[in-house]
Amino acid sequence: MSVLTSPRGKAEVVHCRRTESQDIYYIKKLIRKFTQKLFGRLNVIYLLEKANLAITLCNDKEEIMAHAILLDYPNWNVARPEAWPSAFKELDSSIPCTPLNTLFLHLFVAVDEYSVGCCKEIIRTVFKAVPELHFIFLVVPSYMSLGSTLITVFNPVGSMPCLTYNEDFTVYICHRHRHYPQLYIRRARMEDHDDLMPIFMLHDTVLKDTYGEYFLAELIEAQDEENHAVVCEVEGVAVGFMSVCSRVNLPLLHECFDLGPFHGFCVPHPDDVLEPPKEPGIADAELRTDSQVSQRIAEEPLGPVSPEAMGSAQEKVMEEAEVLSAVHSENVSEIQDLDKLSLLSLTGEQEHGVSRWSSASIQLPKEPSHFRPVYRGAPSVFCIQLFCIDEKYEARSLDFMNFVFSLFPDKNFCIISVPQLTPEFVLIQNFMKVIPFNDCTLQHDLYVFHRAGLFKSINIRLANSADTPGVEQLVSSLMLSRSILEDLAQYNEARRDPDGTPLRAFVAEVAEQVVGIAVIRNETDIEYIRSHYNIEDFIYFSHHQRDEHGRLHHLAMNPAFRHYTKFFLKEILRLDSKTCLYYPVYPQPRDGKLQSPYAHSLTSALHYLVPVRPRRQIVYPLEKLGINAPSKAVSKDALGYALNHTNRKLTLEPKITVNARIVVVGASSVGISFLETLVFCSHLKFNNLTLISTHGLPGKKLLGNEQRKFLASDHCFNDKDYALMSLCSWVNVVVGRMTGIDRAAKHVVVSKDKAVPYDHLILCTGQQYQVPCPTGADISQHPTNREVPDSSKIRYSGQIPCNLFMLNDEEDCVKALTWIRSNSIVTEGNVIVYGNTIDTYTTVETLLSLGVRGSCIYLVCTPPKSMVPCINNHAVESAVEEALQAAGVTTFRDAILAQWNQGLHPDPIHCASFTTPTKPFQLQCAMFFSFCEKNVDYETFKALNDACLVYDGRLVIDTNFHTNDIAIRAAGPLTKFSNRYYANDWTHSNFSSKEVGFQLAATMLNLFDPTLEPVIEPPADLDRLIPMYKGAKIQGGILPGSYHYLHITKPAITTPLEVQKAQSDFGSEIVTGCAKSGTYFRIHINKYEMVEDITCLSHEPFPVSNYIRLFGQHEQALNDLCARYNSDRITDLYSYFTEPWCMALLHDRFIDLRKELRQVLASEQEEGRPSIEQLARQIEEEEISLKEPRKYLRKVFQETIYRPLVEKSILDYLHYNRYHLPMYAWPGII
């Protein structure tokens, strides 16, 4: 906040922020004729799309006072964007301007009364926001003066001719030192104590409380050769302090962190032990280093890599250090040695090799011992013990580093450790985070800065053949280094791909040494990207030319210069005249190879890109649409990938780093939805997301589509969704089972012996099918169900039979399928399917489809736990029962498991005995599937109970997902609401798991995202209400008879369908087809004429995602559905919803159109006349008495401005989304 005073004495409190799209209207109002003469005729929207930095100045009423746009090339055509540095060097060689330290002002507007103050405030903000910036240039026609505002900050440099026509332009410059200068750094003196103490006390009093009031004076006084204290000074006043020390506990760091990339922070020594000793009897192939093995795997086709060998964690980051040749720095007088730090990403089977280099992976349950190198050289590191700076000058924190490195001329590394929950401040944003070992117990993060990082002479240019040796050295230890070198050779030879696509290779160079390599191609699949990803969250697509889109294929950067990665990307865009870059991450193929053939190399720039959400696609009836179908570029079924993106606007946009350790237990739909929401927060960077799961991340495609019918689906996520998210790029995965929680130490115990620390623990393990516990009843005594004890709540503690299967996830289904095939179950042996859930039916259908004879399958249904059957529709249930009979499947009702093998040794199961309400029976079996009622896994329950978390049948939570531990949240079927809400009938099981996960993430984001509005506590009388989510609850699968089944309904306490129909406010239902013929389609319309329930049963597959979009729509939006049905014009709903009119409703942005139309009808468009919404409210509240209110509202709508406004919105919607909706016509198309 600053205060501006006008010449008339008026004051305004102002602040600067990044420009937003809604500012454009007000910016245009500030443009004067003088502005157009100075900067030219500008399209503000277009300019904002291409701007590297756009700043808006607002007052305390959020009124726009001023605005400035800056780009990295001149604002008039005095030099080509890629060639301006040489042109400006010729203009004045005394100004050391480079692309790194220079921007150009392309537009400045301000309120006249405060223009001078606004200009200075914006300039100061720009220099503060971009620490590397030293010069801002402004180019104007020579015949123009700058005016009274800009002349106060800009000075003339010279003149340059225009490239396109005969006219000269004057060049002006604005220097940093006049607005936000570099800090003067010197040794600390005792008299600095009084200046510095208020700064320390503003942040924390712990140091004063611990070491006394004069701790700072004692630290300054204790300086010697190993300890130094320095300050930064502004106008004679110390505004920042840093204490550095060369005594570092290296043994502790060697034990806790992987220091291999930095040679252990030691000088290389001949006696260093860098590799584990070779053991006799081991094959030479096994003696290779990790990097050699990785390189071989990346470059040679191998068979599947076992999860035990590779680990199922999503990445294992290996780094090697080599000594780079001496590099001369303009900032350091002597030649310094620069360690070459290369990055290598090694991932487990089924996962992609592009991932966070800074993440630590944990391999469980079987983890190989870690070799620790031994370094015998002298230490080459010093540490920052204490650092503090006034917030006003924090952006210049890096100014300390030149001075402190000069105090230790023999040291190459500077390190700092900070508590893990400390927000990432400006200084360490230029440091590199060191990877901890898996067993590290330190509660601190370690950051390192190499002396070479001080170099400012970095130069980005197009590669040439002479760069090949330098690139080879840079990428020698990287996976797919051969691919990088092949692309570099292709560029040097032909400048394009064999298919003719333009190819570019860029190198980052410091003192004539290659420290970075990037390869990009022109993006040729632009239509697919626009139609399948929400790229328009970041750009206005129409303002970018086709050849301005590029695809990033490789980017490798020496970590010593990692903080220049964004600059590297910015220069690639400028030099190649690109505005957008895309980086796809492809899913790992089923063959288990380390890299997909479609994948590119590891990019160390992933954290500087933003993940782009995929868009939900319409399933088009292509044959029915014919020539009106979307183009093949839009409708093609391409291999899905996760898309990452950057553009010119994002090159100077900072991300907020979140180092809090967020641990999610359980890869359920709730957990995946939670992680998805966090990952796609583009302005946040979560460094420590961890998933603990028995089988790692889902979506491995272990089974083909035809074999995935064992279990019913909730349609929250499928394999393609997982591929489009690529959570393995952002989330650490711990493969194992939670066996304990240490709340005091704040860590989760995994597989009984591994500790995973957390700051925030998220429990969403859900419920699973458990091993059924036989009642033990002797059927020779002919007992009935009434006479046997209830064993449903008893935990089975005996030996688990090898042929007993409880299917809870894809891995369990794979084991069952393997057993079926390896034990000849298809040709011989009976199969018992025991339970009373929809999964019993889908499993029976799977067995039939695998070739198991129906006469060998016994469906044993347990007594129902409620009055609501698993298929709450008599027509569907009857069709399934008839299909079971036709297949020869024998069905038993209300049966309870009594014994296995007549009470003898149960492994394996040869026969099973059951009791019923009448007489018992016994069945022979070779395989037993159990789908008894789901419950919380015993190990999970024991972990929760031992941690003293309140458990009452389920884990107890409040409405904000909190357990009785503020650091532990939980969601999903694992949980129940506290009894104080008096809502025991409602749990998260009643709602969509995907929506529950999203809401859980939303509550967490309030802790980390400063852009969100603060949460307002609910009134006292409302804090006892549970949240009611509105997303549809979905269930689907393939039932016996090869029926494709889908049921979509609103969240509710389940009641039998017949009971619902008997309610007076039930509404109506629309039914076409017959269940037994496989053409059944039922829609329930509630009393508000909204679609509330959908049931489909069909022999043919149908577009499930399309039908999900119908939920919650008004029947009139469905082309007057009720009126057409009542007039017998609809005979087949399947065909009805494939008609062209329906496509717009199925579009993912239709909900945005609805909101826009609602806003139009709710706003007063004509002065003095109420809006349509206000009229409707007045009629509802009987303030206006009308006989036919609908007719009156329709007349008002037709005769006022509302109709043309609504029509315009609809036509704009169709026109803007025409690539998805070409089947619609609009004015001018004919």
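- If you check an unreviewed UniProt entry, the protein appears there as Cilia and flagella associated protein 61 from Chinchilla lanigera.

1. Considering the overall build of the protein
Logical step 1: Of regular secondary structure, the protein possesses 35 helices and 51 strands.
Logical step 2: For the protein, the proportion of its 1230 residues judged to be buried stands at 55%.
Logical step 3: Counting only contacts in the protein whose residues sit at least 6 apart along the sequence, the fraction spanning at least 24 positions is 74%.
Logical step 4: Accessible area of the protein: about 54,600 Å², with a carbon and sulfur share of 51%.

2. Overview of the side chain of Ser6
Logical step 1: The residue Ser6 is located in the loop between β1 (2–5) and β2 (11–18) in this model.
Logical step 2: Polar contacts involving the side chain of Ser6 include one to the side chain of Glu113, which spans 3.2 Å.

3. Considering the pattern of salt bridges
Logical step 1: Summed over all chains, the structure comprises 51 salt bridges.
Logical step 2: Note that Glu113 is salt-bridged to Arg8, the shortest N-O span being 3.0 Å. On the criterion of sequence distance, the pair formed by Glu113 in the loop between β5 (102–110) and α5 (115–129) and Arg8 in the loop between β1 and β2 is long-range, its members being 105 residues apart.
Logical step 3: Two residues, Arg18 and Glu653, come together in a salt bridge whose shortest N-O distance is 3.2 Å. With Arg18 in strand β2 and Glu653 in the loop between β24 (642–647) and β25 (656–658), this residue pair connects regions lying 635 residues apart in the sequence.
Logical step 4: Take Glu653: its relative accessible area is 31%, and that puts it in the partly exposed class.
Logical step 5: Through salt bridges with shared partners, a single network forms among Lys1061, Glu1069, Arg1082 and Asp1093.

4. Looking at the sheet that holds strand β42 (residues 927–931)
Logical step 1: Sheet architecture is open: five strands sit in the order β35-β42-β36-β37-β38, paired in parallel fashion. Because the sheet does not close on itself, it has two edges, and the strands there are β35 (804–805) and β38 (890–892).
Logical step 2: In terms of strand pairing, strand β37 (residues 857–860) meets β38 through three bridges, oriented parallel. Bridge assignment links Val860 to a residue of β38, and that residue is Phe892.
Logical step 3: Sheet contacts for helix α23 (residues 838–849): β36 (831–835), β37 and β42; angle to β36, the most-contacted strand, approximately 165°.

5. Structural notes on the nonpolar core
Logical step 1: Within the largest apolar cluster, 98 residues are counted, with the highest numbers of intra-cluster contacts made by Phe674, Ile741 and Leu763.
Logical step 2: Among residues more than four places away in sequence, those in contact with Leu763 are Val665, Met738, Ile741, Leu944, Leu949, Leu955, Ile968, Arg969, Ala970, Ala971 and Leu974.

6. Comments concerning the packing of helix α14 (residues 468–475) against helix α15 (residues 481–494)
Pairs of packed helices are described in terms of their axes, by the angle between the two and the distance that separates them.
Logical step 1: Packing of α14 against α15 leaves a shortest axis separation of 10 Å and a crossing angle of 165°. By the criterion of interaxial angle, the relationship of α14 to α15 is roughly antiparallel. The way α14 lies across α15 gives a crossing that is right-handed. Two secondary-structure elements touch here, α14 through Thr468, Val471, Glu472 and Val475 and α15 through Ser481, Ile484, Leu485, Leu488 and Asn492.
Logical step 2: The class makeup of the residues in the contact of α14 with α15 is five nonpolar, three polar and one charged.

7. Comments concerning the side chain of Arg461
Logical step 1: Looking at where Arg461 falls in the secondary structure, it is placed in strand β18 (residues 459–462).
Logical step 2: In terms of polar contacts, Arg461 uses its side chain to reach the side chain of Glu509, at 3.0 Å.
Logical step 3: If near-sequence neighbours (up to four positions away) are discounted, Arg461 is found in contact with Asp467, Ala505, Phe506, Val507, Glu509 and Leu575.

8. With respect to the packing of aromatic side chains
Logical step 1: For the structure shown, the criterion picks out 51 aromatic pairs.
Logical step 2: Taking the centre distance of 5.9 Å and the plane angle of 35° together, the rings of Phe805 and Phe929 count as tilted. Taken as a pair, Phe805 in strand β35 and Phe929 in strand β42 lie far apart in primary sequence, 124 residues in all. An identical accessibility class is assigned to Phe805 and Phe929; each is buried.

9. Details of the pairing of strand β10 (residues 227–234)
Logical step 1: For β10, a buried count of eight out of eight residues is recorded, marking the element as mostly surrounded by other parts of the structure.
Logical step 2: Residues of β10 alternate between two faces, with Asn227, Ala229, Val231 and Glu233 on one and His228, Val230, Cys232 and Val234 on the opposite face, all of them buried.
Logical step 3: Two strands pair when backbone bridges link them, and strand β9 (residues 184–187) and β10 are joined in this way by four bridges, in the antiparallel orientation. Across the sheet, the residue bridging to Ile185 is Cys232, located in β10.
Logical step 4: As paired elements, β10 and strand β11 (residues 237–245) share eight bridges and run antiparallel to each other. Looking at β11, one finds that Ala229 is bridged to Ser243.
Logical step 5: From the end of β10 to the start of β11, which pair antiparallel, there are two residues, and Glu235 there has a positive phi angle of about 50°.

10. So, the environment of Phe265
Logical step 1: One can find Phe265 in the loop between α10 (250–256) and α11 (290–299).
Logical step 2: Residue Phe265 is classed as buried on the basis of its relative accessible area of 0%.
Logical step 3: Separated by 149 residues in the primary sequence, Phe265 and Cys414 place their C-alpha atoms 9.3 Å from one another.

11. A closer look at the confidence of the model for the protein
Logical step 1: Predicted confidence across the protein gives a mean pLDDT of 85, with 90% of residues reaching 70 or more.
Logical step 2: Within the protein, the element-level pLDDT minimum falls on strand β12 (residues 316–327), averaging 26, and the maximum on strand β33 (residues 760–763), averaging 97.
Logical step 3: With pLDDT under 50 throughout, residues 281–368 is counted as low confidence; its partners more than four residues away or in other chains account for 253 contacts.
Logical step 4: Segment residues 590–599: pLDDT under 50, and 32 contacts once partners within four positions in sequence are set aside and those in other chains are kept.

12. With respect to helix α25 (residues 938–946)
Logical step 1: Turning to α25, its buried residues are Thr940, Ala943 and Leu944. Seen end-on, α25 carries its buried residues on one side only, within an arc spanning 95°.
Logical step 2: In this fold, the buried residues of α25 make contact with β30 (738–742), β33 and β44 (955–957).
Logical step 3: Between the side-chain oxygen at the start of α25 and the backbone nitrogen of Glu939 there is a gap of 3.1 Å, and the oxygen is on Asp937.
Logical step 4: Positive phi shows up at Cys948, right after α25, with a value of about 60°.

13. As for a negative patch on the surface
Logical step 1: Taken together, the side chains of Glu1180, Glu1181, Glu1182 and Glu1183 define an acidic patch exposed on the protein surface.
Logical step 2: Positionally, Glu1182 belongs in the loop between α33 (1172–1180) and α34 (1189–1199).

14. What to know about the sheet that holds strand β39 (residues 896–900)
Logical step 1: Read from one edge of the open sheet, three strands run β39-β40-β41, paired in antiparallel fashion. Only two strands of the sheet have a single partner each, and these edge strands are β39 and β41 (921–924). Going across the sheet, the axis of each strand differs from the next one's by a mean of 30°, ignoring polarity.

15. So, the pairing of β5
Logical step 1: Burial analysis of β5 places nine of its nine residues in the buried class, which makes it a mostly covered element.
Logical step 2: The sheet contact formed by strand β4 (residues 64–71) and β5 spans six bridges and is antiparallel. Within β5, the position partnered with Ala68 by the bridge is Phe108.
Logical step 3: With three bridges joining them, β5 and strand β6 (residues 135–141) adopt parallel strand pairing.

16. Points about the environment of Tyr841
Logical step 1: As for its position among the elements, Tyr841 is in helix α23.
Logical step 2: Filtering out sequence-adjacent residues up to four positions away, Tyr841 remains in contact with Leu859, Cys870, Ile871, Val880, Glu881, Leu884, Arg893, Ile1038, Leu1039 and Pro1040.

17. Re the environment of Gly972
Logical step 1: Inspection of the secondary structure puts Gly972 in the loop between β45 (968–970) and β46 (975–977).
Logical step 2: Ignoring sequence-local partners within four residues, the contact set of Gly972 consists of Val670, His988 and Val996.

The rules we used
Residues numbered from 1 in each chain as written. Predicted model: local features only at pLDDT ≥ 70, side-chain atom pairs only at ≥ 80, totals over all residues. Heavy atoms only, no water. Helix = DSSP H or I, 4+ residues; strand = E, 2+ residues; numbered from the N terminus. Buried < 20%, exposed > 50% of the residue type's maximum accessible area, 1.4 Å probe, protein only. Contact = heavy atoms within 4.5 Å. Areas by Shrake-Rupley, 256 points an atom, 1.4 Å probe, with all protein chains shown as cover. Polar contact = N/O pair within 3.5 Å; in protein donor to acceptor, adjacent residues only side chain to side chain. Salt bridge = Lys/Arg side-chain N within 4 Å of Asp/Glu carboxyl O. Pairing = 2+ DSSP bridges. Axes fitted to C-alpha atoms, helices over the stretch in contact; angles between N-to-C directions. Core = buried A, V, L, I, M, F, W, Y, C linked by side-chain atoms within 4.5 Å. Parallel < 35°, antiparallel > 145°, perpendicular 65-115°, else oblique. Left-handed = near helix turned anticlockwise from the far one by under 90°. Nonpolar A, V, L, I, M, F, W, Y, C, P; charged D, E, K, R; others polar. Phe/Tyr/Trp six-rings, centres within 6.5 Å; stacked < 30°, edge-to-face > 60°. pLDDT = per-residue confidence, 0-100. Arc of directions from axis to C-beta. Patch = residues over 30% accessible without salt bridge, like charges linked within 9 Å, V, L, I, M, F, W, Y side chains within 5 Å. Lys, Arg positive; Asp, Glu negative; His and termini not counted. Charge placed at Lys NZ, Arg CZ, Asp CG, Glu CD.

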